[in-house]
Each structure stands twice: as C-alpha cells, then as structure tokens.
Amino acid sequence: MSDINLSNKITIPVTEVAAGQRVIKIVKDDKATFFSEGLGGRNGGSTISTIQAYTPVVDHVYYHDVYDTVCYLDADNSITSAGYTAVNISLVDLWICQLDAEETPGNIVLQCGDNTFVLPVTPELVKRSLKLTKTVSGTVSIVRKVDDARDTFAGTVIAADWQVA
C-alpha cells in the first residue's frame, strides 16, 4: 500500500478498508473524513468523492469553555441536522460527557428515527457509536427520552461532536 504525494509538499496515507477499496483519511480539527482514492474524473479532471463520515451542521448549539460549540441533550434540547439531507445512514458517532462533572453518572436514552439506545454518561468525553438497525433518511434528529425509566442521569449531557455515516 503506497501513500499519495501531492506536488511533493504533503504525503497523505492511503488505507485499504476492504479488498480493493482504498481511501484517503484527512483529519482536520480532529475530525476525520474519508475520500475515495480514485483520481482522474470526467474529461480528465480529478475527482475525490466523500464516502463516509459527515459532520452535519446542527440547528442549535451552545458555547462551552473546553469544547467550543456543543449540543445539549436534555429534556429541552436535542440534536437536529440543518441543511443536510441524510440518505440511509446507518451509524451515528457521538462524543458525549456530563455538563456538570459533579453529577452522579448514569444512563441516558436516545432516539434516532425508529432506533432507541441506552448509553452510559460519565464526566469524561467518550465516543459512543449508535449502530442504526433501521436506517435514517432526511433530517437527522437525536432526541433524549428523559421520561424513559432507563434514563437514570439527572443532568444535561454535552455532545461535543458528532458524525454520521
């Protein structure tokens, strides 16, 4: 497996994710985006198309001293994509932690489309992957179900980042 060198200025590592499927992983601001390696698109031009890991803009954010812009997940706040139309996404990655580190850790219940998840929440920022058994298309919305008996965390959860695939 060889790397791609762009104009002898930057070398981009190439990864093989499946037999014969090579991708370029570009990380900017700790957010990874994967692009197909194939160059040489229509009419001799070059084409790199995104194949995974979108970070959609959301309709409402808050400022946090450590994580900059974040979303809250509580009785009054959810995550809803804005200006992004999903087509059969099957995975949502959330980086979450407690807003107030003094709160007692617990579980939260999240709903995304027809999928429900019970996730542990702690003071440390942790990546949680939501594998959707029923794909989601259109607007992506992640709602906290605080009225569910399995939701045992009393405080607000920070979503410092999210990606869909």
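Here is a short report on the structure shown in this document.

**Describing the nonpolar core**
Generally speaking, a soluble globular protein has its nonpolar side chains buried in company with each other.
Here is step 1: Residues Ile 79, Ile 89, Val 92, Leu 94, Ile 142 and Trp 162 are the most contacted members of the largest nonpolar core, which totals 26 residues.
Here is step 2: Counting residues per element, the ones that place at least two in this core are strand 8 (68–73), strand 10 (86–98), strand 11 (106–112), strand 12 (115–121), strand 13 (126–138) and strand 15 (157–164).
Here is step 3: Per-element tally for this core: the top contributor is strand 10, with five residues.

**What about the sheet that holds strand 11?**
Here is step 1: What the four strands build is an open sheet, ordered 9-14-11-12; its pairing is antiparallel. One side of each edge strand has no neighbouring strand; the edge strands of this open sheet are strand 9 (79–80) and strand 12.
Here is step 2: Note: strand 11 against strand 12, seven bridges, orientation antiparallel. Bridge pairing links Gly 106 to Val 121 in strand 12.

**Focus on the pairing of strand 15**
Here is step 1: Of all eight residues making up strand 15, eight are buried, and the element is well covered by its neighbours.
Here is step 2: Pairing analysis gives three bridges linking strand 8 to strand 15, with the strands arranged antiparallel. In the sheet register, Cys 71 faces strand 15, and the bridge partner there is Ala 159.
Here is step 3: Alignment of strand 10 against strand 15, held across seven bridges, turns out to be antiparallel. Of the residues in strand 15, the one forming a bridge with Asp 93 is Gln 163.

So, how was this worked out
- Residues numbered from 1 in each chain as written.
- Predicted model: local features only at pLDDT ≥ 70, side-chain atom pairs only at ≥ 80, totals over all residues.
- Heavy atoms only, no water.
- Core = buried A, V, L, I, M, F, W, Y, C linked by side-chain atoms within 4.5 Å.
- Buried < 20%, exposed > 50% of the residue type's maximum accessible area, 1.4 Å probe, protein only.
- Helix = DSSP H or I, 4+ residues; strand = E, 2+ residues; numbered from the N terminus.
- Pairing = 2+ DSSP bridges.

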